[in-house]
Amino acid sequence: MAYSKLENKEKIILNLTVEVYLQTGRPVSSGYLAQKLQFSISPATIRNAMALLENQGYLYQPHTSAGRLPTDEGLRFYVNNLLNETVYATPDELKICPAELRVESGELDDLMIQVSQILADYSDNLGFVISPHISQVAFDQVRFVKLKDNRVMIVLLSTFGLVQTEIFETQNLFTQSELDRAAQYLNQNFRGKNLSAVRDYLYRELPRLKLKYEDLVDKLIALLKSYPTAAKEGGKIFLQGTARLLDKAELFDLKKLRSLFQNFEEKANLARLLSDLISLERVKVLIGAELQIPEISDCSLVLSHYGYRNQILGSLGIIGPKRLPYEKIIPLVDNVAKRLTKTIATLEKGVEL
């Protein structure tokens, strides 16, 4: 869509139409817009401009005698203006105090839950955070704990001082002594790396390492090979505020809303879908069909990423109806992402990568 072909007057009318729609949810008439503009543009000129915007796919008329509503393309034009103007409010303006990100337990999952709750509370929509997959996190210490049968729990202390745990099944049986030796080898030789990088290194250097460490490297490779990669599993997703979407049920197709909640139950699938949307953009907004996920085609998604040093660890954001207050939601997501990144950086243990 060639936004540049729109005249300035048409852009004003389109933006105002979207603003009124987001506030009221009702079709917008040319007469109402003329009043809002204090008749600086005549109703006849507004009618002509709205007809042109409809022909170009920015507006549509639900029925002949009604006003106009924005299409997804019309919403996209409005959102792009917000993003281009970088109208990002400061944390003070959003009234999110720094004390709200607490890291008392030392558990990464607790921090993720806290952030998703902040997003839900301040947006009155669904807040989500996707954590980094444990194999992608640089570790300060790692430990393997033998559980029943061939199940092993990995306990990883990251270089930014938070603990992650995960349970997986191994192809071979290991004694606790073998697991302790594997952890000791990793902690002595690979501190500051992540398990994916370690696994790649061991595969690459296997012939040389076997001469020195004999069966230890074979055991370690077998252990790490059993562990699912980030590409297969992705990070965990933390959701808060699903009830808030139910309170807005009139804004959704009920069949799609049911399908959306089914996806929430299958969190691993939803995490993979949302992980694919991570980008380097400061804030990314996807509206309706742009999501290419049928279950949430009635929704808009506003997301950003958080990280540690130069690594993107995961994403966070808000899912809500297309009638989101974007001027509030965009800076909210932007600032929460920055705050999470800053919180992680302040926990750094000073390990060199």
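Use the structure listed above.
Everything quoted here is computed from the prediction, not taken from an experiment. (Residues numbered from 1 in each chain as written. Predicted model: local features only at pLDDT ≥ 70, side-chain atom pairs only at ≥ 80, totals over all residues. Heavy atoms only, no water.)

Regarding helix 3 (residues 43–55)
As a reminder, the rule being used: Secondary structure elements follow DSSP: runs of H or I no shorter than four residues count as helices, runs of E no shorter than two count as strands, and numbering proceeds from the N terminus. Helix span, expected: 1.5 Å multiplied by one less than the number of residues in the helix. Note on exposure labels: buried denotes an accessible area under 20% of the residue type's maximum, exposed denotes more than 50%, and partly exposed covers the range between, all computed with a 1.4 Å probe on protein chains only. Throughout, the arc means that of the directions going from the helix axis to the C-beta atoms. In this description, contact between two residues means that some pair of their heavy atoms is separated by no more than 4.5 Å.
Helix length check: helix 3 (13 residues) gives 18 Å between terminal C-alpha atoms against 18 Å at 1.5 Å per residue, within 8%. Along helix 3, the residues classified as buried are I46, A49, M50 and L53. On an axial view of helix 3, the arc spanned by its buried residues comes to 100°, and they lie on one face. Exposed residues pointing more than 90 degrees away from the buried face of helix 3 are listed as N48 and N55. On its buried side, helix 3 packs onto helix 1 (8–24), helix 2 (30–36) and strand 1 (59–60). Positive backbone phi, approximately 90°, marks G57, located one or two places after helix 3.

Notes on the sheet that holds strand 6 (residues 163–169)
Condition: Strand pairing is assigned whenever DSSP identifies at least 2 bridges connecting the two strands. Every axis corresponds to a line fitted to the C-alpha atoms, with the helix fit spanning only the stretch in contact, and the corresponding angles, defined between N-to-C directions, vary from 0 to 180 degrees.
Spatial ordering of the open sheet is given by 4-5-6, a layout of three strands whose pairing is antiparallel. The open sheet is flanked by strand 4 (139–146) and strand 6, the only strands paired with a single partner. Each adjacent strand pair in this sheet contributes to an overall mean axis angle of 20°, direction not counted. Sheet topology places strand 5 (residues 151–158) next to strand 6; seven bridges connect them, and they run antiparallel. Bridge assignment links R151 to a residue of strand 6, and that residue is E169. On the sheet, helix 7 (residues 176–189) packs against strand 4 and strand 5 and is oriented at approximately 175° with respect to strand 4.

Notes on the environment of L332
Looking at the secondary structure, you find L332 in helix 14 (residues 326–346). Spatially, the C-alpha atom of L332 lies 9.7 Å from that of I118, the residues being 214 residues apart in sequence.

As for the packing of helix 6 (residues 108–123) against helix 14
Convention followed: These descriptions rest on fixed angle ranges, namely under 35 degrees for roughly parallel, over 145 for roughly antiparallel, 65 to 115 for roughly perpendicular, and the rest for oblique. By definition, any crossing whose near helix is turned counterclockwise from its far helix by less than a right angle is left-handed, and any crossing with a clockwise turn is right-handed.
For the pair helix 6 and helix 14, the least separation of the axes is 10 Å and the interaxial angle reads 160°. Of the possible angle classes, the one that applies to helix 6 and helix 14 is roughly antiparallel. Every pair of crossing elements has a handedness; the one defined by helix 6 and helix 14 is right-handed. Residues L111, M112, V115, I118, L119, Y122 and S123 of helix 6 pack against K328, I329, L332, V333, V336 and L340 of helix 14.

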